[in-house]
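Listed below, chain by chain, are the residues.
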Amino acid sequence: MHDDGRVLRPAGFAANEVPLLAAYLKKMCGDRVIAVVDSTNGLLDGPLRNAGIRVFRADPWDLPQRPVAGSVPAHALALRGRERAGGLVETDTENGTLKGRFDELDRGVESSAGREAELTRRGYCLTRGDAAAPRVALTFDDGPSEPYTGQVLDVLRDYGVAGTFFCVGLHASTAPGTLARIREEGHAVGNHTWSHPFLPDLTHDEMLFQLDATNKSIAEVTGEAPTLIRPPYGSRTPETLRWTADHDMTTVLWDRDSWDWAVPGPETIVENALDGISNGSIVLMHDGGGDRSQTIAALPVIIESLLTDGFQLVTVDRLRGSLLQS
Ligand code: ZN
């Protein structure tokens, strides 16, 4: 929608066509284009910003009621952007999609501590594995996303180690070949929701849609629905944790964050990942959500260091298995 009110023919783009979407927007409006996303979609802002487009976020209180399965219509987002982009939060690389909502994220995490402890005892929540076994799990979120997922797989294959890929359903549904390769090469596949929403914004039914649509999409390729789910941004409330456990899925958090999503440079990613790493650590990294070339550069250094220090690199399933047996 132009700021003079002129409406152009709507166009649809699949999850793997974000570069086409960016080119379409720029062709339509040149450098004056802005994009508005909502907090149920954490997938678009990074790639659009990388294409030179300013991206604003509209929150639930800015928007009409959304359907259970997905976002409000693009037209509603465009209207909100035209009416008062100044009242919306502009996302940036440093803060990502959740800019301005980190306090809310922290409050949700803090209020979830009791529920997390309870679910950890019952095997429905995992922040780290067995401290007695020299095993570490590298985890990769937000893909499948080529060329990065393929490059991560190449590195893991070269060193003969396993990883766990928490896939976004929207991406998985357009990348069956990559998904199949992940499984064929002995890695684990987890659920990272359908569209990467900020979970505290979701109702119970919206949450189940995010879990089920993703599991179905993955199972169509791998033959099995994931039982592990990583919440986007680590966002959670006592309710979202309970809904997930009641759905017989285990929430997988992490104890080492590489901060690679903030693209701080490969050396810093290596330092962040390895700093304080110990038996049972779960390392958070990303193979999707934007330009991951720094992650690809850091990964061999991280793996070599861990192998040199005598760690086995295993899937989260295996890390979890050793914990359940001990
Ligand atoms: Zn994510």
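Everything here concerns the structure above.
Residues numbered from 1 in each chain as written. Predicted model: local features only at pLDDT ≥ 70, side-chain atom pairs only at ≥ 80, totals over all residues. Heavy atoms only, no water.

Enquirer: Looking at this structure, I do not really get helix α1 (residues 18-29). What am I missing?
Expert: Within an α-helix, residues lying three or four positions from one another point in the same direction, as the helix has 3.6 residues per turn. Given a rise of 1.5 Å per residue, 12 residues ought to cover 16 Å, and the 16 Å separating the end C-alpha atoms of α1 matches this to within 8%. For α1, every residue scored as buried is listed here: Val-18, Leu-21, Ala-22, Leu-25 and Cys-29. Each buried residue of α1 lies within a common arc of 100° when the element is viewed along its axis, so the set occupies one face. Along α1, exposed side chains directed more than 90 degrees from the buried face belong to Pro-19, Leu-20 and Lys-27. Elements that come into contact with the buried residues of α1 comprise α2 (45-50). Downstream of α1 by one or two residues, Gly-30 has phi in the positive range, about 65°. (Helix = DSSP H or I, 4+ residues; strand = E, 2+ residues; numbered from the N terminus. Expected span 1.5 Å × (residues − 1). Buried < 20%, exposed > 50% of the residue type's maximum accessible area, 1.4 Å probe, protein only. Arc of directions from axis to C-beta. Contact = heavy atoms within 4.5 Å.)

Enquirer: Would you mind going over the pattern of salt bridges with me for this structure?
Expert: Pairing between side chains becomes possible if they bear opposite charge and their charged atoms approach one another. This structure, assessed with the given rule, holds 21 salt bridges. Where Glu-104 meets Arg-101, a salt bridge forms, and the shortest distance between an N and an O atom there is 2.8 Å. According to the relative accessible area criterion, Glu-104 is partly exposed, its value standing at 26%. The class for Arg-101 is buried, based on a relative accessible area of 2%. Salt bridges sharing common partners tie together Arg-57, Asp-59, Arg-101, Glu-104 and Asp-201. (Salt bridge = Lys/Arg side-chain N within 4 Å of Asp/Glu carboxyl O.)

Enquirer: I tried to follow unusual backbone geometry on my own but got confused; where do I start?
Expert: What you tend to see is this: most non-glycine residues have negative phi, and most peptide bonds are trans. Gly-143 connects to Pro-144 through a cis peptide bond whose omega is -5°. Within the secondary structure, Pro-144 is located in the loop between β5 (135-141) and α6 (148-159). Looking along the chain, the bond that leaves Glu-146 and enters Pro-147 is cis, with omega of 10°. One non-glycine residue, Asp-142, adopts positive backbone phi at about 85°. Looking at the secondary structure, you find Asp-142 in the loop between β5 and α6. Residue classification places Asp-142 among the buried positions, given a relative accessible area of 9%. The phi dihedral of His-196 is positive, around 60°, even though this residue is not glycine.

Enquirer: Which parts of the structure should I look at to understand helix α9 (residues 204-222)?
Expert: When the terminal C-alpha atoms of α9 are compared, their 27 Å separation across 19 residues agrees well with the 27 Å that a helix rising 1.5 Å per residue should span. All of the buried residues in α9 are Glu-206, Met-207, Leu-208, Gln-210, Leu-211, Ala-213, Thr-214, Asn-215, Ser-217, Ile-218 and Thr-222. The elements touched by buried residues of α9 are β6 (164-167), α7 (169-172), α8 (176-184), β7 (188-191), β8 (228-229) and α10 (238-246). Directly beyond the C-terminal end of α9, a positive phi value near 85° is found at Gly-223.

Enquirer: What's the story with the sheet that holds strand β1 (residues 34-38) in this structure? I'm lost.
Expert: Across a sheet, paired strands are connected by hydrogen bonds in the backbone, their directions being either parallel or antiparallel. Taken in spatial order, the three strands line up as β1-β2-β3 in an open sheet, and their pairing is mixed. Two strands lie at the open edges of the sheet, namely β1 and β3 (89-90), each paired on one side alone. Examined bridge by bridge, strand β2 (residues 54-58) and β3 share two bridges and lie antiparallel to one another. Residue pairing in the sheet places Phe-56 in a bridge with Glu-90 of β3. The strands that helix α3 (residues 74-84) touches are β1 and β2; relative to β1, the one it contacts most, it runs at about 125°. (Pairing = 2+ DSSP bridges. Axes fitted to C-alpha atoms, helices over the stretch in contact; angles between N-to-C directions.)

Enquirer: I would appreciate a short explanation of the packing of aromatic side chains in the present structure.
Expert: Aromatic ring pairs are defined here through the distance separating the ring centres and the angle between the ring planes. Tallying each qualifying case throughout the model produces five aromatic pairs. Ring plane angle 65° and centroid distance 6.5 Å describe the contact between Phe-198 and Tyr-233, whose orientation is recorded as edge-to-face. Here Tyr-233 lies in the loop between β8 and α10 and Phe-198 lies in the loop between β7 and α9, a separation of 35 residues in the sequence. With a relative accessible area of 23%, Tyr-233 lands in the partly exposed category. (Phe/Tyr/Trp six-rings, centres within 6.5 Å; stacked < 30°, edge-to-face > 60°.)

Enquirer: What's the story with the side chain of Asn-41 in this structure? I'm lost.
Expert: Note that Asn-41 resides in the loop between β1 and α2. Here Leu-43 takes part through its backbone nitrogen, which lies 2.9 Å from a polar atom of the side chain of Asn-41. At a separation of 3.4 Å, a polar atom in the side chain of Asn-41 contacts the main-chain amide nitrogen of Leu-44. Not counting chain neighbours up to four residues away, the residues in contact with Asn-41 comprise Thr-97, Ser-195 and His-196. (Polar contact = N/O pair within 3.5 Å; in protein donor to acceptor, adjacent residues only side chain to side chain.)

Enquirer: Before we go on, may I ask you to explain the coordination of the zinc ion in this structure?
Expert: Note on metal geometry: ideal angles are 109.5 degrees for four donors arranged tetrahedrally and 90 or 180 degrees for six donors arranged octahedrally. On the protein side, the zinc ion has Asp-142 (OD), His-192 (NE2) and His-196 (NE2) as donor atoms, found 2.0 to 2.1 Å from it. Within one chain, the residues donating to the zinc ion are spaced in sequence as D-x49-H-x3-H. On the basis of relative accessibility, which here comes to 1%, the residue His-192 falls in the buried class. (Donors = N, O, S within 2.8 Å, 3.2 Å for Na, K, Ca; no water.)

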